[in-house]
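Coordinate analysis (summary)
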Amino acid sequence: MAQVGATETRWSSRLTFILAATGSAVGLGNIWKFPYEVGQNGGGAFVLVYLACVLLVGLPLMMGEIFVGRKGRRNPADSYGELAKAAGRTPAWRLIGSMGIVTGILILSFYSVVAGWAMAYIPDIAGGMLDGATAESVGKHLEGLWADSDRMMFWHSAFLIITVAIVALGIKGGLERAVKYLMPALAVMMLMLLVYGAVAGDFVAALKFLFTPDFSALTPQSILSAVGLAFFSLSLGMGAVLMYGAYLPEAASIPRVAAAVVLADTAIALIAGLVIFPIVFAEQLPAAGGPGLVFKTLPLAFAAMPYGSVLGLVFMLLLVVAAITSAISLLEPVVSWSEQRLKLPRWLAALAWGGLIWALGLLSLWSMNDWGEVYPLAALDFAPCLSESFCAQRGWAEALGVARLTWFGLLDGLTSNVLLPLGGLMLSIFVGRLLDHYVVSEELGMSGILYALWNVLVRYVARIAIILVFLNAVGILGYVLGLFGVDW
Ligand code: PHE
């Protein structure tokens, strides 16, 4: 097999890596997904599980993923492969990297559709959509967009063309500059909205909703969603962070850069929640409003503000930029792999994969209208039920909570709640158990108690937590505990 060379590209500094990785992490996951999933899953308890997961699983694994990238200096599949070989392990570990590459493709397909909604709002706001806007008019507006496949397709295409163009040109030049100015600008706008929400919205209700945990609202599936959301929001488990780690200069401290990225990402998600829920409660909108929540609430805030149209425009622009910097990191692994393995020119790889992702995106796009009642997993109900208590009366699809998933819901759930945590689980075994401690601790620049703590978190806490959450979600854990008389 041809030897695949390590990449020579490096970020110009540690700060650039932090900005790029933060650019990857901060995106629709924070501003679109976090608030709507918190709303759907009952608030405080979900937020608490999310935060615990970010701290105990996300941060340690982020360090592990950067480590694999910087040590491997290649695309995810080959980085895993090289490190496994060097440690005398089976080269089949590269499959974990390959799985991540595929996951990135799947995520980008629906990510681009949602980013397209934000893009569509830019001309709409410029055209006076916010004048005299009410909760009802904004809701109608969004539904109008969702009913219009052509318009969504236009913006889905536009978003992918920009992403492909940036990746084709090589991510270093454009990305470094974009992230340096635009990410802080987004943060400032979020803070401004936060002040607005605190003054004009029902801030107390929002605080209560987000930070008083009601554990009865948690179900096995919602716990899995919190874990999946943490992976999604931190860009973990598919090799995006690994890929950026491959460009990280030798001298940078991995724990420090990882902590910076996790902190920034979590702060932005919490602020997004604190911006959106005061408006939700003040307008008496349903908290469990689903994927449209952000697109229905923020326009209302802007409509009520002085210079609201200008601010709304700027905000949507920044949101699109944040989505672009995430999308780039979803596309980069497969493009880097095609360059290194298939020896394709970068531009061709970006274009070809972009085309495939575009077509795949149509599944999600049509889920908003024509295929709104196509439920690909409903067929699971025909599978024989092995556990009486679990699926006798309701069937598998219903029991697993996937009976009413559209293609969009399926792609989203499969990637966030299955593939990313699975990638994280394998990563935790790989870096926590299989590699030589000496090599890992030296590359991480940690020794003694700190390294031991990291190792315990990765090796036991992350691994066991992910396994339990998986078993819990498919009902196996409850079944086994039931055998011991424990009611779960
Ligand atoms: N973290 C990104 C966001 O929050 C999405 C993403 C997921 C990017 C996985 C890369 C990998 O928008």
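Whatever comes next refers back to the structure up there.
Residues numbered from 1 in each chain as written. Predicted model: local features only at pLDDT ≥ 70, side-chain atom pairs only at ≥ 80, totals over all residues. Heavy atoms only, no water.

**A few points about the side chain of Ser-24**
Mapping Ser-24 onto the fold places it in helix α1 (residues 14-25). Only 2.8 Å separates the side chain of Ser-24 from the side chain of Ser-329, close enough to count as a polar contact. (Helix = DSSP H or I, 4+ residues; strand = E, 2+ residues; numbered from the N terminus. Polar contact = N/O pair within 3.5 Å; in protein donor to acceptor, adjacent residues only side chain to side chain.)

**A few points about empty space enclosed by the protein**
Per the counting criterion, the structure on display carries two cavities of 30 Å³ or more. Within this model, the largest cavity holds a volume of roughly 130 Å³. Lining the largest cavity we find 17 residues, and of these Ser-24, Ile-107, Phe-232, Ser-235 and Leu-330 sit closest to its centre. Listing elements by their share of the lining of the largest cavity, those giving two or more residues are α1, α5 (94-126), α10 (220-233) and α14 (308-341). (1 Å grid on protein atoms, 1.4 Å probe; cavity = no way out; pocket = protein on both sides within 12 Å on 5 of 7 lines; lining within 4 Å. Points joined across faces, edges and corners; volume = space filled by probe spheres on them.)

**Quick look at the side chain of Arg-463**
Its location among the elements puts Arg-463 in helix α20 (residues 448-473). For the buried Arg-463, no salt bridge exists, and the shortest N-O distance to an oppositely charged side chain is 16 Å, to Glu-65. (Buried < 20%, exposed > 50% of the residue type's maximum accessible area, 1.4 Å probe, protein only. Lys, Arg positive; Asp, Glu negative; His and termini not counted. Salt bridge = Lys/Arg side-chain N within 4 Å of Asp/Glu carboxyl O.)

**A look at a nonpolar patch on the surface**
Taken together, Leu-55, Leu-56, Val-456, Tyr-460, Val-461, Ile-464 and Leu-468 make up a surface patch of nonpolar side chains, about 580 Å² in accessible area. The dominant element in the nonpolar patch, judged by the number of residues it contributes, is α20, at five residues. Structurally, the position occupied by Leu-55 is in helix α3 (residues 44-72). (Patch = residues over 30% accessible without salt bridge, like charges linked within 9 Å, V, L, I, M, F, W, Y side chains within 5 Å. Areas by Shrake-Rupley, 256 points an atom, 1.4 Å probe, with all protein chains shown as cover.)

**Structural notes on the nonpolar core**
Of all hydrophobic cores here, the largest spans 162 residues; its most connected members are Trp-117, Phe-315 and Phe-430. For this core, the element with the most residues is α5, which contributes 19 residues. Beyond its immediate stretch of four places on either side in the chain, Phe-315 contacts Ile-31, Leu-186, Met-189, Met-190, Leu-193, Leu-298 and Phe-302. (Core = buried A, V, L, I, M, F, W, Y, C linked by side-chain atoms within 4.5 Å. Contact = heavy atoms within 4.5 Å.)

**Structural notes on the site of the ligand**
Of all residues adjacent to the ligand, which total 15 residues, the nearest are Ala-25, Gly-29, Tyr-111, Phe-232 and Ser-235. Leu-28 places a polar main-chain atom, nitrogen or oxygen, 3.0 Å from an oxygen atom of the ligand. Measuring from an oxygen atom of the ligand, one finds a side-chain N or O atom of Asn-30 at 3.3 Å. Within the complex, the protein chains bury 100% of what would otherwise be the 330 Å² of accessible surface of the ligand. Of the pockets mapped on this structure, the ligand occupies the largest cavity. Elements represented by at least two residues in the shell around the ligand include exactly α1, α2 (28-40), α10 and α14. A class-by-class count of the residues in the shell around the ligand yields seven nonpolar, eight polar and no charged. (Near = heavy atom within 4 Å. Sits in = over half its atoms within 2 Å of the grid points. Nonpolar A, V, L, I, M, F, W, Y, C, P; charged D, E, K, R; others polar.)

**Some details on unusual backbone geometry**
At Arg-73, a position not held by glycine, the phi torsion is positive, near 55 degrees. By the element assignment, Arg-73 lies in the loop between α3 and α4 (76-86). One non-glycine residue with positive phi stands out, namely Gln-284, at about 55 degrees. Relative to the assigned elements, Gln-284 resides in the loop between α12 (254-282) and α13 (293-304). The exposure class of Gln-284 is exposed, given its relative accessible area of 73%.

**Describing the layout of surface pockets**
Each pocket or cavity is described by its volume, and for the largest pocket that value is around 1000 Å³. Every residue lining the largest pocket is counted, 36 residues in all, and those nearest its centre are Gly-401, Leu-405, Gly-409, Gly-413 and Asn-417. Contributions of two or more residues to the lining of the largest pocket are made by α2, α6 (135-147), α10, α18 (407-434) and α20. Split by residue class, the lining of the largest pocket holds 17 nonpolar, 15 polar and four charged. Roughly 310 Å³ of internal volume is contained in the second largest pocket. Taken together, 15 residues make up the lining of the second largest pocket; nearest its centre are Val-49, Ile-223, Val-227, Ala-465 and Val-469. No other element matches α20, which puts six residues into the lining of the second largest pocket. Here the residues of the lining of the second largest pocket are counted per class, giving 14 nonpolar, one polar and no charged.

**Some words on α13**
Residues separated by three or four positions in an α-helix point in the same direction, a consequence of the helix having 3.6 residues per turn. Taking 1.5 Å of rise per residue, the twelve residues of α13 would be expected to cover 16 Å, and the 17 Å separating its terminal C-alpha atoms lies within 8% of that figure. Within α13, nine of the twelve residues are buried, which leaves the element mostly enclosed by the surrounding structure. Those residues of α13 that fall on the buried side of the exposure criterion are Leu-293, Val-294, Phe-295, Thr-297, Leu-298, Pro-299, Leu-300, Ala-301 and Phe-302. (Expected span 1.5 Å × (residues − 1).)

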